[in-house]
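# Observations on the model geometry
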Amino acid sequence: MPSSFKSLDLFGSGPHRFNLGPEGQALQSELFLPTPNSGSLYRGLVELEVIVTGRLIAASESALWTLRDAITAQLLDPPAPGTLIDLHGRTWTDMSFIRFTPADRTDRARTTSLAYEARFLRFRQYPQ
């Protein structure tokens with residue numbers, strides 16, 4: 001099963017893996033409040049973050065740019081949530097694509113490739 005975001009195979013040109021960001025409680029130190037105190041205030045659960053790291057691989061420089069542009073075209077303002085699916089069929093719904101970080105260089109050999117990191121976040125929904 002190929003990985004996808006909004007049913008688009010953005011990362012399938014090369015090896016990639018999915019990792020989860022930190023999970024747990026969001027805390028705020030009381031030390032920096034108007035009336036400082038020791039201890040922490042509970043603010044709720046941190047937002048779910050999924051990090052995809054991998055390498056885009058293409059036959060040419062222009063083909064690599066096509067792959068890169070397909071990914072960055074999904075960075076929308078405002079973010080539009082979609083479903084993120086990993087190689088093993090694990091699904092995360094309501095994920096927003098928030099950041100694409102390419103490596104500092106393009107590797108050129110028999111193929112052209114670029115390492116990257118892509119971050120997805122499930123924003124907390126607050127009652128209105």
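Attention here is on the structure that accompanies the text. Per chain, residue numbering runs from 1 following the sequence as it is written. Only residues with pLDDT of at least 70 are given local features in this predicted model, and only at 80 or more are side-chain atom pairs given and counted; all residues enter the totals for whole chains, interfaces and linings. Remark: hydrogens and water are excluded; side-chain values derive from all non-hydrogen atoms of the structure.

A tally of helices and strands in the protein chain yields one helix and nine strands. The helix count covers DSSP runs of H or I at least four residues long, the strand count covers runs of E at least two residues long, and both are numbered beginning at the N terminus. For the protein chain, the α and β elements follow one another from N to C terminus as β-β-β-β-β-α-β-β-β-β. The globule rule used for comparison is 2.2 Å times the number of residues to the exponent 0.38, while the radius of gyration itself is calculated over C-alpha atoms. In terms of overall dimensions, the protein chain is more spread out than a globule: its C-alpha atoms have a radius of gyration of 18 Å, far above the 14 Å expected for 128 residues. C-alpha extents for the protein chain along the principal axes are approximately 60 × 30 × 30 Å. Think of it in three bands: residues with accessible area under 20% of the maximum for their type are buried, residues over 50% are exposed, and the middle band is partly exposed, with areas taken using a 1.4 Å probe on protein chains only. With 128 residues in all, the protein chain has 30% of them scored as buried.

All right, on to a nonpolar patch on the surface then. A cluster of nonpolar side chains, namely Leu27, Tyr42 and Leu45, defines an oily patch on the protein surface of about 350 Å² accessible area. Position of Leu27 relative to the elements: it lies in strand β3 (residues 25-29). Overall, the relative accessible area of 56% leaves Leu27 in the exposed class. Without a salt bridge and with relative accessible area above 30%, a residue can belong to a patch; like charges are then joined within 9 Å and nonpolar side chains (Val, Leu, Ile, Met, Phe, Trp, Tyr) within 5 Å. Residue-level accessible areas treat just the shown protein chains as cover; the underlying method is Shrake-Rupley with a 1.4 Å probe. Salt bridge, as used here, is a side-chain nitrogen of Lys or Arg placed within 4 Å of a carboxyl oxygen of Asp or Glu.

A cis amide bond, omega 0°, links Asp77 with the succeeding residue Pro78. Its identity is not glycine, yet Ser7 carries a phi of approximately 65°, on the positive side.

What follows deals with the side chain of Ser113. Here Ser113 is to be found in strand β9 (residues 112-122). For Ser113, a relative accessible area of 8% corresponds to the buried category. Whenever a nitrogen or oxygen atom comes within 3.5 Å of another N or O atom, the pair is scored as a polar contact, on the condition that within protein one atom can donate a hydrogen and the other can accept it, and that pairs from neighbouring residues in sequence are kept only if both atoms are in side chains. Within polar-contact distance, the side chain of Ser113 engages the side chain of Arg55 at 2.9 Å. What Ser113 contacts, discounting residues up to four positions off in sequence, is Arg55, Leu56, Ile57, Leu64, Thr106 and Asp107. Contacts are assigned to residue pairs that have any heavy atoms within 4.5 Å of one another.

Glancing now at the packing of aromatic side chains. Only rings of Phe, Tyr and Trp enter the pairing, Trp through its six-membered ring, and a pair is recorded when the two centres are within 6.5 Å. The plane angle decides the type: under 30 degrees is stacked, over 60 is edge-to-face, the rest tilted. Across all of its chains, the model carries seven aromatic pairs by this definition. An angle of 15° between the planes, with centres 4.7 Å apart, marks the rings of Phe97 and Phe120 as stacked. Here Phe120 lies in strand β9 and Phe97 lies in strand β7 (residues 91-102), a separation of 23 residues in the sequence. Taken as a pair, Phe97 and Phe120 share a single burial class, namely buried. A ring pair is formed by Phe100 and Tyr116, whose centres lie 5.8 Å apart and whose planes are at 25°; its orientation type is stacked. Pair noted here: Phe100 is in strand β7 and Tyr116 is in strand β9, with a separation of 16 residues, a long-range link. On the basis of relative accessibility, which here comes to 4%, the residue Tyr116 falls in the buried class. Taken together through their ring pairs, the aromatic side chains of Phe5, Phe11, Phe97, Phe100, Tyr116 and Phe120 make up a single cluster.

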